[in-house]
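# Coordinate analysis (summary)
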Amino acid sequence: MSKTLSWDDCNYQVQPWIKAAIDVMGFDTMTPVQTSTIPMFARNKDVVVESVTGSGKTVAFVIPILEKIIAEEANTPNLKKGHFHSLIVTPTRELSNQIQSVIQSFLEHYPDDEHPIRSQLLVGTNQSSVRDDLANFLQNRPQILVGTPGRVLDFLQMSAVQTKSCSVLVLDEADRLLDLSFFGDIEKILKTLPKQRRTGLFSATIGSAGSQIFKTGLRNPVKITVSSKTKAPTSLGLFYTVIEPEAKIQQLLSIMNNYKFKKCIVYFPTCISVTYFYSFMQYLQRDKKLLDEEVEFFSLHGKLQTSSRQKTLDSFGKSFGKAVLFTTDVAARGIDIPDVDLVIQLDPPSDTTMFLHRCGRTGRANKEGRAITFLNKGREEDYIPFLEVKNVELKEMPLKIIDLPTKEPFYEIFKNWVLQDRARYDLGVRSYVAFIKNYMKHSASSIFRLQSLDYVGLAKMYGLFRLPRMPEINNYFQNDTIKDGWIIDQPIDMDKFAYMDKKRENKRLELLKNSNQINEKKREKMEAKQRNTSWSNKLQSKEEKSTRKAKMAMKREEIERQIADGSDSDEDVQEDWKETVMQNKRRKKNQSTAVTGSFDDL
């Protein structure tokens, strides 16, 4: 490591207690992004920082914030009640919690005889409301606020919160915060803050934010880009493997059982698929004994409560044995979990900018890591040259599926598990549908196309035995051998396919009974309608049908005669059709005056 990256040689001298915290946390040397950013940001410069994942961006803005609090005497009673000094905004609760943890790690070394520096977390939870946050804020008087856009905006709009003392704003994962889903809240937050402040934007893919950067109130900013031949850290190995959709889960099991790793993160496209496959893995490990008992599984997605998500992250991070986390993109940005040395993406993310963020959960801080992406055979292989244009290079990794310790085909194991409970089938169908909905929104739509998707293989990957009825399948899937969506030889009697939960099953049976009764009433109503139609209308309908046939025959004969004679006149034919039109009008008039009713008693 170059001497210029030593903390002692930094051209900005940090506080002794901050240096002590750095030594205790094991940051022996500065990373390039820290070397470039800390002096600039601590000395009243706005910064726009782009650096690869795992390069130490969090420390690069936490240290300047702590330095500026001391330099501007915000660590004294001079900071009035209801005021704060610094605001850090992140796109996810997990990242906010992580930054809060880093700040607390530094503050553990803050001198006890000084006026305290405090930090408060602002994220939406079921345990605390905005009013609870306000009460804690007024009581503890923190200088630093860390939170997600929605909760931060609600908090800043409280009348007791004063923003005019805010001196520093940091947007972490700024490209995400400046996209359409968050920018409305960010724009409102910016309007509440004073214009005379320091602003820092940090991300691994800040370039994707485009012109939105200029709407954040930056004043003569310095752009800091840690250059690299590729956008991934050198310690991170990026690989891909081409595979049939049907074999993806079996390949994942093979990796779990036979490859060496400490911690592995597996990315799924949707929240519901995380729930579905996590449940199936539990079954394979606990009941079928097809998974290594030492592997500990965790699941995390955005639909879980904040407390559950944080508890899962903490448990996964503290696990000592082989641990696997099933998750979505909620754990793709900024999350720093120690000892993650393997990342697997069952499918590339629909947002291409998320690809490196996912991979960057491993290979952090110069530690070795591997990220493997599964690509479906066919058109998806074009994703490799697509990424090369973006300076992201993947190497092919030919993986072998090592057979499970059972003679039963894997699909049969999965299908039989689904057949044990109709609730599993419902969850599988919803997961399948959610995947296709997500797939059709892919930013690289020229590569990820519904027309080339293997719908049957994908259904088997989800353990299904019948294709769901949805417009995408009707439009893009054509197979004459598959009748009514069944992809198995012997269709299942869906009326007898039961829920394991007795209450749910009784409700289904009641609905089925009512449905059958409704269908029977509809059938009887149609039959009664046919019986009760007046005999005059029936007779008239038969006569009109005969007349139409005769007119059509006359027209054909006339056309054939004109062709044979070479005649151009079609006046006779037109007269015939005029007569037909008049008869139709008379028929409608007769129908409107006809007497209808039941003749069963006559």
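Residues numbered from 1 in each chain as written. Predicted model: local features only at pLDDT ≥ 70, side-chain atom pairs only at ≥ 80, totals over all residues. Heavy atoms only, no water.

### Section: the UniProt feature "domain: Helicase C-terminal" (unreviewed entry) in the protein chain
Taking the UniProt record as the reference, the feature "domain: Helicase C-terminal" (unreviewed entry) is found at residues 248–405. End C-alpha to end C-alpha, residues 248–405 measures 18 Å, and it is 34% helix and 20% strand. (UniProt positions renumbered as here; feature names shortened; annotations may be inferred. Helix = DSSP H or I, 4+ residues; strand = E, 2+ residues; numbered from the N terminus.)

### Structural notes on the sheet that holds strand β5 (residues 168–172)
The strands making up a sheet are joined through hydrogen bonds of the backbone, oriented either antiparallel or parallel. The parallel open sheet is built from 7 strands, whose spatial order is β3-β4-β2-β5-β6-β1-β7. Each edge of the open sheet is held by one strand with a lone partner, namely β3 (119–122) and β7 (222–225). In this sheet, neighbouring strand axes are inclined to one another by 15° on average, regardless of whether the strands run parallel or antiparallel. For β3 and strand β4 (residues 144–147), the ladder comprises 4 bridges, and the chain directions are parallel. (Pairing = 2+ DSSP bridges. Axes fitted to C-alpha atoms, helices over the stretch in contact; angles between N-to-C directions.)

### Points about the pairing of strand β13 (residues 369–376)
Along β13, 7 of the 8 residues are buried, which leaves the element largely enclosed by surrounding structure. Where strand β8 (residues 236–243) meets β13, 8 bridges bridge the pair, whose relative direction is parallel. When the sheet's bridge partners are listed, Leu 236 is paired in β13 with Gly 369. What joins strand β12 (residues 340–345) to β13 is helix α12 (residues 354–359), and the crossover it makes is right-handed. (Buried < 20%, exposed > 50% of the residue type's maximum accessible area, 1.4 Å probe, protein only. Right-handed = clockwise from strand over helix to strand, strands pointing away.)

### Some points on the packing of helix α9 (residues 248–258) against helix α10 (residues 271–286)
Packed helix pairs are characterised by how far apart their axes lie and by the angle those axes make with each other. Direction vectors running N to C along α9 and α10 enclose 55°, while the axes themselves pass 13 Å from each other. On the basis of their axis angle, the class for α9 and α10 is oblique. Seen from above, α9 lies across α10 with right-handed handedness. Contacts from Ile 249, Leu 252 and Leu 253 of α9 reach α10 at Phe 277, Phe 280, Met 281 and Leu 284. Partitioning the contact of α9 with α10 into residue classes produces 7 nonpolar, no polar and no charged. (Parallel < 35°, antiparallel > 145°, perpendicular 65-115°, else oblique. Left-handed = near helix turned anticlockwise from the far one by under 90°. Contact = heavy atoms within 4.5 Å. Nonpolar A, V, L, I, M, F, W, Y, C, P; charged D, E, K, R; others polar.)

### What about the sheet that holds β13?
Strand order in the open sheet formed by 7 strands is β10-β11-β9-β12-β13-β8-β14, with parallel pairing between adjacent strands. Strands with a single pairing partner mark the edges of an open sheet, and in this sheet they are β10 (296–300) and β14 (395–396). For β10 and strand β11 (residues 323–327), the ladder comprises 5 bridges, and the chain directions are parallel. Within the sheet, the bridge partner assigned to Phe 297 lies in β11 and is Val 324. Sitting on the sheet, helix α11 (residues 306–318) is in contact with β9 (263–267), β10, β11 and β12, with an inclination near 150° to β10.

### What about the nonpolar core?
Of all hydrophobic cores here, the largest spans 139 residues; its most connected members are Phe 106, Met 256, Leu 284, Phe 326 and Tyr 432. Of the domains in this structure, domain 1 (7–225) and domain 2 (236–485) are the two that each give at least three residues to this core. Ignoring any residue separated from it by four or fewer positions in sequence, one finds Phe 106 in contact with Trp 17, Ile 18, Ala 21, Ile 22, Met 25, Val 59, Val 62, Ile 63 and Leu 66. Judged by nonpolar contacts, the second largest core, of 31 residues, contains Val 152, Leu 178, Ile 189 and Leu 201. (Core = buried A, V, L, I, M, F, W, Y, C linked by side-chain atoms within 4.5 Å. Domains from an automatic or database assignment.)

### Some thoughts on the packing of aromatic side chains
Counting across every chain of the model gives 33 aromatic pairs. Between the aromatic rings of Phe 268 and Phe 277, the centroid separation amounts to 5.5 Å while the plane-to-plane angle is 20°, which identifies the pairing as stacked. One exposure class covers both Phe 268 and Phe 277, and it is buried. When the ring centre of Tyr 411 is taken as reference, the NZ or CZ atom of Lys 460 above it lies at 5.5 Å. (Phe/Tyr/Trp six-rings, centres within 6.5 Å; stacked < 30°, edge-to-face > 60°. Lys NZ or Arg CZ within 6 Å of the ring centre and 35° of its normal.)

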